[in-house]
Amino acid sequence: MAIERTLSIIKPDGVRRNLIGEILGRFEKSGLKVVATRQCVLSKAEAEGFYAVHKERPFFNDLVASMTSGPVVVLVLQGESAILRNRDLMGATNPKNAAPGTIRADLAESIEANTVHGSDATDTAAFEISWFFRGTEIFG
Ligand code: IDP
Ligand code: MG
């Protein structure tokens, strides 16, 4: 078991519905530490670059449109196995398939407006964290 860092984003639908505190509370109650935070509106270029891995997918344009539709809260979470623990807290991509008690099951509106992003592996976590934060902005 290793201490890891992972990138989380409270997506525009979550910020719009006043869920920032609810979601941060779930991370903190689970024992993950919030070691960096930033609120911003993603530009189209930032969202396209961040989600470049999905650029051939049919939902790519809708994904970029929804991620740029309002402010997001970008977080770095730190803890033992943080990447997998965050994915477990989030639940499945489609809220209809998400386990009860997960963020997406409890709070998400749809597969498009699914409220949170979370890195899915060590390499993507490193890329995604560096996309948003300099080392000196992370207080782990
Ligand atoms: P993840 O967010 O659970 O890691 P990914 O497969 O990485 O899921 O997809 C990134 C985001 O793209 C999802 O969170 C969701 O908002 C959107 N997305 C994924 N699959 C679909 C789909 O089939 N239709 C519409 N949007 C989708
Ligand atoms: Mg993903």
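Refer to the structure above for everything that follows.
Keep in mind the model is a prediction, meaning the values are calculated, not measured.

J.: A description of the overall build of the protein chain should follow, citing residues and the corresponding values.
T.: The number of helices and strands found in the protein chain is 7 helices and 4 strands. Helices and strands appear in the protein chain in the N-to-C order β-α-α-β-α-α-β-α-α-β-α. A compact globule built from 140 residues would reach a C-alpha radius of gyration of about 14 Å, and the protein chain, at 14 Å, matches this within 12%. Taken along its principal axes, the extent of the C-alpha atoms in the protein chain is 35 × 35 × 25 Å. In the protein chain, which comprises 140 residues, the share counted as buried stands at 44%. Carbon together with sulfur atoms contributes 53% to the accessible area of the protein chain, which is approximately 7400 Å² in total.

J.: Can you explain helix H4 (residues 60–67)? Please cite residues and give values.
T.: Every buried residue of H4 is listed here: Phe60, Leu63, Val64 and Met67. The buried residues of H4 all sit within an arc of 95° when viewed along its axis, so they share a single face. Projecting away from the buried face of H4 at angles above 90 degrees are the exposed residues Asn61 and Asp62. Tucked inside the fold, the buried residues of H4 contact strand S1 (3–10), helix H1 (12–16), helix H3 (44–50) and strand S3 (72–80).

J.: Explain the sheet that holds strand S4 (residues 116–118) residue by residue, including any values.
T.: With antiparallel pairing, 4 strands are arranged side by side in an open sheet as S2-S3-S1-S4. Looking at strand neighbours, the two that pair on one side only are strand S2 (33–40) and S4, the edges of this open sheet. Between one strand axis and the next, the sheet turns through 20° on average, direction left out of account. In this sheet, S4 lies alongside S1 in antiparallel orientation, the contact comprising 3 bridges. In the sheet register, isoleucine 9 faces S4, and the bridge partner there is histidine 117.

J.: Can you break down the site of ligand 1 residue by residue, with the values?
T.: Residues in contact with ligand 1, as listed here, are Lys11, His54, Phe59, Leu63, Arg87, Thr93, Arg104, Ile111, Glu112 and Asn114. Backbone polar atom of isoleucine 111 to an oxygen atom of ligand 1: 3.0 Å apart, as the coordinates give it. For ligand 1, the accessible surface in isolation is 530 Å², of which the surrounding protein chains cover 79%. Cavity membership is defined here by more than half of the atoms lying within 2 Å of grid points; on that basis ligand 1 lies in the largest pocket. Partitioning the shell around ligand 1 into residue classes produces 3 nonpolar, 3 polar and 4 charged.

J.: I'd like a rundown of the packing of aromatic side chains, residues and numbers included.
T.: As enumerated under the stated definition, the model contains 3 aromatic pairs in all. Between phenylalanine 50 and phenylalanine 132, the ring centres sit 5.4 Å apart and the planes meet at 55°, which makes this aromatic pair tilted. With phenylalanine 50 in helix H3 and phenylalanine 132 in helix H7 (residues 122–132), this residue pair connects regions lying 82 residues apart in the sequence. Neither phenylalanine 50 nor phenylalanine 132 differs from the other in exposure class; each is buried. Between the aromatic rings of phenylalanine 127 and tryptophan 131, the centroid separation amounts to 5.6 Å while the plane-to-plane angle is 45°, which identifies the pairing as tilted. Here phenylalanine 127 and its partner tryptophan 131 are both found in helix H7, 4 residues apart, which amounts to about one turn of the helix. Phenylalanine 127 gets classed as partly exposed once you look at its relative accessible area, which sits at 40%.

Definitions and limits used
Residues numbered from 1 in each chain as written. Chains lettered and ligands numbered in written order. Predicted model: local features only at pLDDT ≥ 70, side-chain atom pairs only at ≥ 80, totals over all residues. Heavy atoms only, no water. Helix = DSSP H or I, 4+ residues; strand = E, 2+ residues; numbered from the N terminus. Rg over C-alpha atoms; globule rule 2.2 N^0.38 Å. Buried < 20%, exposed > 50% of the residue type's maximum accessible area, 1.4 Å probe, protein only. Areas by Shrake-Rupley, 256 points an atom, 1.4 Å probe, with all protein chains shown as cover. Arc of directions from axis to C-beta. Contact = heavy atoms within 4.5 Å. Pairing = 2+ DSSP bridges. Axes fitted to C-alpha atoms, helices over the stretch in contact; angles between N-to-C directions. Near = heavy atom within 4 Å. Polar contact = N/O pair within 3.5 Å; in protein donor to acceptor, adjacent residues only side chain to side chain. 1 Å grid on protein atoms, 1.4 Å probe; cavity = no way out; pocket = protein on both sides within 12 Å on 5 of 7 lines; lining within 4 Å. Sits in = over half its atoms within 2 Å of the grid points. Nonpolar A, V, L, I, M, F, W, Y, C, P; charged D, E, K, R; others polar. Phe/Tyr/Trp six-rings, centres within 6.5 Å; stacked < 30°, edge-to-face > 60°.

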